[in-house]
Amino acid sequence: MKNRIIALLAFLLYMHSASAQIIDRVINRTKEKAKNKTEQKTEETIDKGLNKVEEGIGNIFKKKDKKGDTKANSPAGQNTSTADTDFSQYKGSSFIPGKNVLFFEDFATARVGAGNGNWYLSEYDALEEVEKPGIKTIALANGQWLKMPRKGIAFPHSFKKLPEQFTMEFDMYADPERMSEMESGLKVTFVAKEDREEYSVHWSTEPAISLDVHPHGNSALIHIEALMEYNANLSMDQMVLFSKTFETGWEKAKVNRVSISRNGKEVRLYLNGKEMLHLPNALPKQAAYQLLLATNMWGDGVFVSNIRIAGNVPNATNEIQTAGKFVTNAIYFDVNSSRIKPESWATLNNTAQAIKATSGNILIIGHTDSDGADEANLKLSKERAASVKNTLVNEFGIAATRLITDGKGEAQPISSNQTASGKAQNRRVEFIKQ
């Protein structure tokens, strides 16, 4: 036993200077089993310690091997992956995000509460065994998320009037173990009510439409429903504008993308790029509609984030041909990465058709917000521009020789970086005719 301990100490002192072969021989020698059974328990303890040492040696060599790894050495730990994006789910989608960001919320700095928060959140019929609503994280996605109440409402104080034409997008996650097919899912409501705190999910009498996105637990089933404003002269069935359960469409245990467009009276709803609902006369009354999120769930576990509301659906062809450039903040990237998100397909397609209709070369310039170091953002903006070029070439057949790329990092903001909406506008890509 004494010899084993001495050998172990010698090994530890010699570790940094000995060769790999000598280290292996020392480890093997010190791990020889003693024949005396009374020493077995002590030996097991030493073996565990030696295993930890071996793991430490392995980690040392692994770190040395990663010295040239771009991802590991990217400033601020940025992931500069340019892995191909699978756009198949979104190809052919008619949803094009609006150009001008009116509101954006990723809940990174949001304050939620019924009092002085910038988001109002109210829960009723709270249950002790149900997780409280508020800003949370989820295991399968980055960033902060608003966990909706089982029953209640939420809305941003800073954003009120919705224009006649706008688009709305957000990421939605529904915990498959907590969701139920009973009652509702997430209700996205446009309501003409000045005091949104007084809104009732049961008996609202103001002009409104409620779009219910309701996953069915641990399955691909998704129920979509649209309910008009309450009218005492109509039955509940008569107030339902649309109601359908789709056997597929919801990606269970994943983050899904919900998109909504309003053009006057017309409302459309998309799930992961696919149109699920089209109502030509959803909002027949002219009114000052406001945004409100509501829940009246039998189950629980609905989370939302990356809420983007924008006006003015862009026409890239017209802008490039008349103004000489097209600017968009609707090409979305993974956080600190140049990998393009698949929901960017419609914007990329719109841009590609504009480039094809235009002669000459196009300069693609990437821009970031001010989060992170200047040098890291400059590098990231260049990589994002290059990623956009590669996608235009590989997905849409644009000649690579026509596309020039550059990046400006955070150096040329077009809005304040002090708000989430301002940052969303600054994260943009410019296409300039040469």
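Residues numbered from 1 in each chain as written. Predicted model: local features only at pLDDT ≥ 70, side-chain atom pairs only at ≥ 80, totals over all residues. Heavy atoms only, no water.

Draft legend 1. A look at empty space enclosed by the protein. Enumeration over the complete set of coordinates arrives at one cavity of 30 Å³ or more. Of the pockets and cavities examined, the largest cavity occupies roughly 90 Å³. Lining the largest cavity we find Tyr90, Ser93, Phe95, Pro97, Glu169, Ser259, Tyr270, Gly273, Glu343 and Ala346. Here the residues of the lining of the largest cavity sort into five nonpolar, three polar and two charged. (1 Å grid on protein atoms, 1.4 Å probe; cavity = no way out; pocket = protein on both sides within 12 Å on 5 of 7 lines; lining within 4 Å. Points joined across faces, edges and corners; volume = space filled by probe spheres on them. Nonpolar A, V, L, I, M, F, W, Y, C, P; charged D, E, K, R; others polar.)

Draft legend 2. Molecular detail of helix H6 (residues 345-356). Helix length check: H6, at twelve residues, gives a terminal C-alpha distance of 16 Å against a target of 16 Å (1.5 Å per residue), a fit within 8%. In terms of residue burial, H6 counts as a mostly covered element, since nine of its twelve residues are buried. Taken together, the buried residues of H6 touch helix H5 (316-323), strand E16 (325-328), strand E17 (362-367), helix H7 (374-396), strand E18 (403-409) and strand E19 (429-433). (Helix = DSSP H or I, 4+ residues; strand = E, 2+ residues; numbered from the N terminus. Expected span 1.5 Å × (residues − 1). Buried < 20%, exposed > 50% of the residue type's maximum accessible area, 1.4 Å probe, protein only. Contact = heavy atoms within 4.5 Å.)

Draft legend 3. Structural view of the side chain of Ser259. By secondary structure assignment, the location of Ser259 is in strand E11 (residues 256-263). Non-local contacts of Ser259, meaning those with residues more than four positions away in its chain, are made with Phe95, Met168, Glu169, Arg268, Leu269 and Tyr270.

Draft legend 4. Up close: the sheet that holds E17. On the basis of which strands lie adjacent, the open sheet formed by four strands has the order E16-E19-E17-E18 and mixed pairing. Of all the strands in the sheet, just E16 and E18 have a single pairing partner and so form its edges. Averaged over all adjacent pairs, the angle separating strand axes in this sheet is 15 degrees, with direction ignored. Relative to E19, E17 runs antiparallel, the two being bridged by five bridges. By the bridge assignment, Leu363 is partnered in E19 with Ile432. The strands touched by H7 are E17, E18 and E19; relative to E18, the strand with the most contacts, the crossing angle is about 155 degrees. (Pairing = 2+ DSSP bridges. Axes fitted to C-alpha atoms, helices over the stretch in contact; angles between N-to-C directions.)

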